[in-house]
Amino acid sequence: MKCQKLFFWASLSFFVLTSMPVVCLADEYREIQASEILNQIEKGEDVNLTNCRIIGELNLNEIKLENIPNPKYNESLKSGYYYSEGYLESHGVNIKIIKSNIVIRNSIFENNLDFSNCLFTKSFSFVFWECTFGSFADFSFTTFGDSANFWNSIFGDSASFKGCTFGDSASFSGCTFDDSANFMKSTFGDYADFTDSTFGDSAAFVFATFGDYADFRYSTFGDSAFFEEVSFSNTSYFQWANFDDAVDFSGTLFNEVTLNGTEFKEMRVSWNSLENSLVFDGPTYVKLIQNFRSLEQFEDADAAYYQYRKHCQAEKSWTPFSKEGSKWCDILMWFTCGYGVKPFRAFYLGGLIVLLFSFIYLGFPTASWRNRENAESAQKSIIKTLLSLIPKIDWSNPGISRLSDNNDSNQKVTFWDSFYFSMVTFTTVGYGDWYPKDNFRKWVMFEGFLGWVTLGLFLVTLTNVMMRP
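Residues numbered from 1 in each chain as written. Predicted model: local features only at pLDDT ≥ 70, side-chain atom pairs only at ≥ 80, totals over all residues. Heavy atoms only, no water.

Undergrad: I'm lost on a nonpolar patch on the surface in this one. Help?
TA: A cluster of nonpolar residues, W443, F446, F449, W452 and V453, forms a patch on the protein surface that exposes about 540 Å² of accessible area. Tracing the backbone shows W452 in helix α13 (residues 441-466). Of the residues examined, W452 reaches a relative accessible area of 64% and is grouped as exposed. (Patch = residues over 30% accessible without salt bridge, like charges linked within 9 Å, V, L, I, M, F, W, Y side chains within 5 Å. Areas by Shrake-Rupley, 256 points an atom, 1.4 Å probe, with all protein chains shown as cover. Salt bridge = Lys/Arg side-chain N within 4 Å of Asp/Glu carboxyl O. Helix = DSSP H or I, 4+ residues; strand = E, 2+ residues; numbered from the N terminus. Buried < 20%, exposed > 50% of the residue type's maximum accessible area, 1.4 Å probe, protein only.)

If you want it as structure tokens, here you go:
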């Protein structure tokens, strides 16, 4: 008897457990014909659906809606450029005006969806939450006057938002694009949210404009990502984004961009685009420098490294022997050779040292007035009179002497003589035709040491810049 009861309850439990998914599935999705939704939109009625399976193609071209001339179409005609008929037709001669609130949650679109060349005015909302688009979804050249929300939706086929205008915020947070996603020439007037989205195929944002924040944090790009000629008017966030293939930022304008923790194989971008906008992060700079070198953008790599060292220098302590390194050493490297990427700094520094020591070897100057009696003569010109009032500078006690004039205590030493002696001392050539006097030998030793160090820095830095792999 006990065995029979046990068998009965076990069988009942198995039946309940196996039938629950069928019951839940039946209750979860109810089938709605696309024609019913189109009929509601045509009448201007609101669409509010949850847990539905939409059967049939949802194409707004199949219904009659109020139209207005498409300004983008007219702009294309007046621009003077040649456009194919197919390109002009894609803009649409007219725009369809939607006067319905459309809110669809957790639903499945089994066929194509065409909402292209539409206008959703400011007073009407557009929400597709956690929807699944099994086929092509076309929103090309559509204007969303209010916010557009596609949170956690799945696009199983291609999705086109080409030329769209988002007047308010646009949210694609958590979306999955299994095929290509096209946002070329789209305009985002407010916050654009693509956090934690997945792009399985190529993602194109070429010529797009972001009027406010653009958020791509934690997003994954499985194929190439194209951000060429994009304009970011505010901060663009790419922290912890993952680019499995190349990402192209050629010609992009950044206001402020964060790339902390971003993973990429290859990033096509010029340093000019990032120099004044990239938020400093040490590992990010190192990856960018390596990226520039692998792409043979050596000047960009040097400029990025220079900026990296400047940021590191600013964070260091003034303490001479601190663990993170002394700021004094960095300042010296910055001043002498630009952290090893600006060789002509050492060259100019060497010229400055030679010039300075040229004046030192001339000795201390003495000033005397010229003959004023002749200057005040009426026969003299005004210019000569003014020149005669300038004191005369004499270098009566030079620090060097010509070897051939060793016995001449009144020998004259010109600036060019002093400059010549300073140059041969700096370059450690030392021809021997001039020699320093006793109290100037210490300066000769010091200049020779500076010359040896400066020439070494110049040659090492020049080799680093010129000898590329």
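On we go from here.
Undergrad: Help me out: how do you make sense of the layout of surface pockets in this one?
TA: Using a probe with the size of a water molecule, rolled over the atoms, empty space left in the structure can be pinpointed. If you add up the space inside the second largest pocket, you get close to 200 Å³. Lining the second largest pocket are L332, M333, T336, L349, L352, I353, F449, L450, V453, T454 and L457. For the lining of the second largest pocket, the elements supplying multiple residues, two or more each, are α8 (327-337), α9 (343-361) and α13. Residue contributions to the lining of the second largest pocket peak at five residues, all from α13. (1 Å grid on protein atoms, 1.4 Å probe; cavity = no way out; pocket = protein on both sides within 12 Å on 5 of 7 lines; lining within 4 Å. Points joined across faces, edges and corners; volume = space filled by probe spheres on them.)

Undergrad: Teacher, can you tell me more about helix α2 (residues 34-42) here?
TA: It helps to recall that an α-helix has 3.6 residues per turn; residues three or four apart then point in one direction. Residues of α2 that are buried: A34, I37, L38 and I41. Take α2 and look down its axis: the buried residues cluster within an arc of 100 degrees, on one side only. Of the surrounding elements, those touching the buried residues of α2 are β1 (30-33), β2 (47-50), β3 (52-55), β4 (58-59), β6 (94-98) and β7 (102-105). Positive backbone phi, approximately 80 degrees, marks G44, located one or two places after α2. (Arc of directions from axis to C-beta. Contact = heavy atoms within 4.5 Å.)

Undergrad: Before we go on, may I ask you to explain the pairing of strand β11 (residues 126-129) in this structure?
TA: When a strand is regular, its side chains alternate between the sheet's two faces. The pairing of β7 with β11 spans four bridges and is parallel. Bridge pairing in β11 links V103 to V127. (Pairing = 2+ DSSP bridges.)

Undergrad: Explain the sheet that holds strand β14 (residues 143-144) to me, please; I cannot follow it from the model alone.
TA: Consider a sheet: its strands pair through backbone hydrogen bonds, and that pairing is either parallel or antiparallel. Pairing is mixed in the open sheet, where eight strands are placed in the order β5-β6-β10-β14-β18-β22-β26-β30. Single-partner strands in this sheet number two, and they are β5 (67-69) and β30 (231-232). With three bridges joining them, β6 and strand β10 (residues 118-120) adopt parallel strand pairing. Directly across from I98, in β10, lies its bridge partner F120.

Undergrad: Explain the packing of aromatic side chains to me, please; I cannot follow it from the model alone.
TA: A ring pair, where both rings are aromatic, is described by two values, the distance of the centres and the angle of the planes. For the structure on display, the rule yields 84 aromatic pairs. Between Y361 and F421 the ring centres are 5.0 Å apart and the planes differ by 80 degrees, which places this aromatic pair in the edge-to-face class. Within this pair, whereas Y361 is found in helix α9, its partner F421 is found in helix α12 (residues 415-426), the two being separated by 60 residues in sequence. The exposure class assigned to Y361 is buried, which follows from its relative accessible area of 0%. The class of F421 is buried, set by a relative accessible area of 5%. The ring of Y237 is capped by R217, whose NZ or CZ atom sits 5.0 Å from the centre of that ring. The ring of Y306 has K342 lying over it, and the distance from NZ or CZ to the ring centre is 4.7 Å. (Phe/Tyr/Trp six-rings, centres within 6.5 Å; stacked < 30°, edge-to-face > 60°. Lys NZ or Arg CZ within 6 Å of the ring centre and 35° of its normal.)

Undergrad: Help me out: how do you make sense of the packing of helix α7 (residues 298-315) against α8 in this one?
TA: For any two helices packed against each other, one specifies the crossing angle of their axes together with the interaxial distance. Where α7 contacts α8, the two axes come as close as 9 Å, and the packing angle between them is 150 degrees. Here α8 runs roughly antiparallel to α7, going by the angle between their axes. Every pair of crossing elements has a handedness; the one defined by α7 and α8 is left-handed. Of α8, the residues touching α7 (which contributes Y306, R309, Q313 and A314) are K327, D330, I331 and W334. Tallied by class, residues from the contact of α7 with α8 come to four nonpolar, one polar and three charged. (Axes fitted to C-alpha atoms, helices over the stretch in contact; angles between N-to-C directions. Parallel < 35°, antiparallel > 145°, perpendicular 65-115°, else oblique. Left-handed = near helix turned anticlockwise from the far one by under 90°. Nonpolar A, V, L, I, M, F, W, Y, C, P; charged D, E, K, R; others polar.)

Undergrad: Sorry, what's going on with the pairing of β2 here?
TA: Residues V47 and L49 point to one face of β2 and are all buried, whereas N48 and T50, pointing to the other face, are not buried. Judged from the four bridges that link them, β2 and β7 form a sheet pairing that is parallel. Note that in β7 the partner of L49 across the bridge is I104.

Undergrad: Please clarify how the sheet that holds strand β31 (residues 235-237) should be interpreted in this entry.
TA: The sheet built from nine strands is open, its strands ordered β2-β7-β11-β15-β19-β23-β27-β31-β33 with parallel pairing. If you trace the sheet from one side to the other, it starts and ends with β2 and β33 (256-258), each paired once. The pairing of strand β23 (residues 192-193) with strand β27 (residues 214-215) spans two bridges and is parallel. Pairing of A192 across the sheet is with A214, part of β27.

Undergrad: Help me understand the pattern of salt bridges in this model?
TA: When the charged atoms of two side chains with opposite charge come close together, those side chains can pair. For the structure on display, the rule yields eight salt bridges. One salt bridge in this structure joins E263 and K287, with 3.9 Å as the shortest N-O distance. In this pair, E263 sits in strand β34 (residues 263-268) while K287 sits in helix α6 (residues 282-294), placing the two residues 24 residues apart along the sequence. Its relative accessible area of 44% is what places E263 among the partly exposed residues. The residue R268 makes a salt bridge to E266 at a minimum N-O spacing of 2.9 Å. Salt bridges sharing common partners tie together R309, K316 and D330.

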